[in-house]
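Listed below are the residues making up each chain.
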Amino acid sequence: MHNRKRWLVIFGTRPEAIKMAPLVKLMESHTEIDFRVCVTAQHRGLLDQVLSFYQITPHYDLDLMQANQNLNEFSARLFNAINEVYCKWEPDLVFVHGDTTTSMICAIAAFNLQIKIAHIEAGLRTLDLKSPFPEEMNRQVTARMADFHFAPTEKATKNLINEGIHLAKILLVGNTVIDSLLLTIEKIKTGYENDEIIKIKKTIDSNLPFILVTGHRRENFGDGFLNICNSLKEITKQNKVQIIYPVHLNPNVQKTVMAILGDVDNVHLIAPVSYPTFVWLMQGSKFIITDSGGVQEEAPVLGKPIIVLRNTSERPEVIEAGAAVLVGTNGEAILEEANRLLQDELYFFKRAVTISPYGNGDAANKIVDYLLEMNP
Ligand code: UD1
Ligand code: UDP
């Protein structure tokens with residue numbers, strides 16, 4: 001029997017953690033895999049919520065987050081810290097996810113040391129380097145260096161081929177976010193409850209529907225967030241509806257959201273919630289207003305229409321299916337779309353399609369099986 005190679009799974013932000021957790025859990029169940037988990041902690045609190053839910057204790061915790069961090073300073077700290085981990089543990093293969101600064105920097109550092117790279121959630125593209133910013137560039141840069149591209153969809157696969165990446169390096173597997181979502185839905189079905197859910201139940205009016213809102217994109221800071229918040233306020237004025245908004249910890253988001261929505265009737269601003277609580281909130285919502293990538297992948301599985309606070313999306317599948325509509329940060333467009341969903345039943349029904357373009361929950365299995373076979 002040949003020696004098993006050493007794998008290192010790296011992540012740092014909330015969405016990466018949610019999407020890498022199924023892979024880590026699977027690796028834990030394969031005693032023959034020699035692997036380590038390294039978190040950069042690009043996010044601290046939001047990451048820890050996921051680690052705690054999935055009961056993952058990282059082997060390396062770089063603990064790099066700083067308040068209102070500058071991406072260049074964060075990158076510089078990360079280059080040094082991840083280099084140390086690579087030199088100490090000498091992995092043969094590193095796993096990075098998607099489009100964050102954590103992924104892109106750890107991929108470059110691996111490339112420089114000639115360590116192989118597995119890119120999870122590869123191939124999504126807007127081809128607009130300013131949107132999402134800087135994520136579109138991060139994802140493209142990582143693709144240039146990866147040895148294995150795990151693509152969630154046909155379109156993502158084609159995007160990679162169009163960029164000259166050889167088909168043999170690409171595997172269409174779906175998105176591990178669906179693995180995570182389905183696992184969590186099963187958990188909720190068993191009667192799962194936690195303090196956050198109990199508190200939310202006490203806070204909201206159970207006779208009024210609610211819209212779930214999230215937002216954090218850097219390209220929306222400033223006027224974009226002002227418009228979003230003002231239109232959310234107007235939605236609750238014009239309709240009998242509540243808004244539940246777990247506000248991202250980024251200070252640039254907190255500042256505007258608290259100032260405009262802090263004291264508005266029927267708007268419940270809450271701290272970011274753990275993953276099972278968020279899934280429970282998605283399930284209970286009428287629809288979702290968001291600029292998040294992951295939420296666009298999850299909501300259609302639950303049949304929840306989405307209003308997307310972006311001008312572009314690297315997830316065209318949900319838009320084509322009618323589950324999502326792009327409105328950018330135009331206040332009038334947000335209000336108009338929300339009013340339509342709240343006031344036109346037929347329109348709502350058309351938008352509430354249940355689809356799962358990002359897989360069936362077996363992406364992590366496909367990735368691990370493939371790599372066990374290849375033993376890179
Ligand atoms: C990052 C990712 C983005 C991802 C998002 C998920 C990049 C360039 N962007 O966005 O792709 O969609 O995370 O949320 O990598 N903060 C805390 N505690 C936390 C998390 C954040 O206090 O647990 C605050 C800190 O002040 C931190 C700031 O938020 O400095 C911004 O964090 P950062 O990792 O830079 O997030 P984003 O660029 O917003
Ligand atoms: N999410 C969560 N708690 C929250 C808000 C979101 O667990 O309070 C989950 C959500 O279900 C999705 C992921 O976080 O899986 C999305 O993260 P985020 O919006 O921060 O990043 P993006 O997906 O835009 O990269």
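Residues numbered from 1 in each chain as written. Chains lettered and ligands numbered in written order. Predicted model: local features only at pLDDT ≥ 70, side-chain atom pairs only at ≥ 80, totals over all residues. Heavy atoms only, no water.

Draft legend 1. Broad picture of helix 4 (residues 101-112). In a regular helix each residue adds 1.5 Å, so 12 residues correspond to 16 Å; helix 4 covers 17 Å between its end C-alpha atoms and thus fits that length. By the criterion of burial, helix 4 is predominantly enclosed, with 9 of the 12 residues buried. Of the residues making up helix 4, those classed as buried are Thr-101, Thr-102, Ser-103, Met-104, Ile-105, Cys-106, Ala-107, Ala-109 and Ala-110. Buried positions along helix 4 lie against strand 1 (6-11), helix 1 (14-29), helix 3 (71-89), strand 4 (93-97), strand 5 (116-120) and helix 5 (135-145). With a side-chain oxygen positioned 3.4 Å from the backbone nitrogen of Thr-102, the residue opening helix 4 is Thr-100. In the segment just after helix 4, Gln-114 is the residue with positive phi, at about 55°. (Helix = DSSP H or I, 4+ residues; strand = E, 2+ residues; numbered from the N terminus. Expected span 1.5 Å × (residues − 1). Buried < 20%, exposed > 50% of the residue type's maximum accessible area, 1.4 Å probe, protein only. Contact = heavy atoms within 4.5 Å. Polar contact = N/O pair within 3.5 Å; in protein donor to acceptor, adjacent residues only side chain to side chain.)

Draft legend 2. Focus on the site of ligand 2. Around ligand 2 lies a shell of 15 residues, among which Arg-14, Val-273, Gly-293, Gly-294 and Glu-298 are the nearest. Between ligand 2 and Glu-298 there is a distance of 2.6 Å, counted from an oxygen atom to a side-chain nitrogen or oxygen. Notes on ligand 2: free accessible area 540 Å², of which the protein chains cover 94%. Of all the secondary structure elements, the ones that give two or more residues to the shell around ligand 2 are helix 1, helix 11 (275-284) and helix 12 (293-298). Tallying contributions element by element places helix 12 first for the shell around ligand 2, with 4 residues. Of the residues belonging to the shell around ligand 2, the class tally is 8 nonpolar, 4 polar and 3 charged. (Near = heavy atom within 4 Å. Areas by Shrake-Rupley, 256 points an atom, 1.4 Å probe, with all protein chains shown as cover. Nonpolar A, V, L, I, M, F, W, Y, C, P; charged D, E, K, R; others polar.)

Draft legend 3. Structural context of the site of ligand 1. Ligand 1 sits among 25 residues. The nearest are Gln-66, Asn-68, Gln-69, Glu-135 and Arg-218. Contact distances for ligand 1 include 3.4 Å between an oxygen atom and a side-chain N or O atom of Arg-217. Interatomic distance of 2.9 Å between a side-chain N/O atom of His-248 and an oxygen atom of ligand 1. Split by residue class, the shell around ligand 1 holds 8 nonpolar, 12 polar and 5 charged.

Draft legend 4. Seen up close, the sheet that holds strand 4. Taken in spatial order, the 7 strands line up as 3-2-1-4-5-6-7 in an open sheet, and their pairing is parallel. The strands lining the two open edges of the sheet, one partner per strand, are strand 3 (60-61) and strand 7 (170-172). Examined bridge by bridge, strand 1 and strand 2 (residues 34-39) share 6 bridges and lie parallel to one another. For Leu-8, the partnering residue across the bridge sits in strand 2 and is Arg-36. (Pairing = 2+ DSSP bridges.)

Draft legend 5. The packing of aromatic side chains, seen in detail. Applying the stated criterion across every chain, the model contains 6 aromatic pairs. Residues Phe-53 and Tyr-54 carry aromatic rings whose centres are separated by 5.0 Å and whose planes lie at 70° to one another, so their mutual orientation is edge-to-face. Consider the rings of Phe-150 and Tyr-370, whose centres lie 6.0 Å apart with planes at 85°: the pair is edge-to-face. One end of the pair, Phe-150, is in strand 6 (residues 148-151); the other, Tyr-370, is in helix 16 (residues 363-374), with 220 residues separating them in the sequence. Taken together, the ring pairs in this structure connect Phe-53, Tyr-54 and Tyr-192 into an aromatic cluster. Lying over the aromatic face of Trp-89, Arg-6 brings its terminal NZ or CZ to 4.4 Å of the ring centre. The ring of Tyr-347 is capped by Arg-340, whose NZ or CZ atom sits 3.7 Å from the centre of that ring. (Phe/Tyr/Trp six-rings, centres within 6.5 Å; stacked < 30°, edge-to-face > 60°. Lys NZ or Arg CZ within 6 Å of the ring centre and 35° of its normal.)

Draft legend 6. Here's a closer look at unusual backbone geometry. A cis amide bond links Ser-131 with the next residue in sequence, Pro-132, at an omega value of -5°. Residue placement: Pro-132 occurs in the loop between strand 5 and helix 5. With an omega of 0°, the peptide bond between Phe-133 and Pro-134 qualifies as cis. Looking at where Pro-134 falls in the secondary structure, it is placed in the loop between strand 5 and helix 5. Phi is positive for Asp-63, which is not a glycine, with a value near 50°. By the secondary structure assignment, Asp-63 is in the loop between strand 3 and helix 3. A relative accessible area of 49% means that Asp-63 is categorised as partly exposed.

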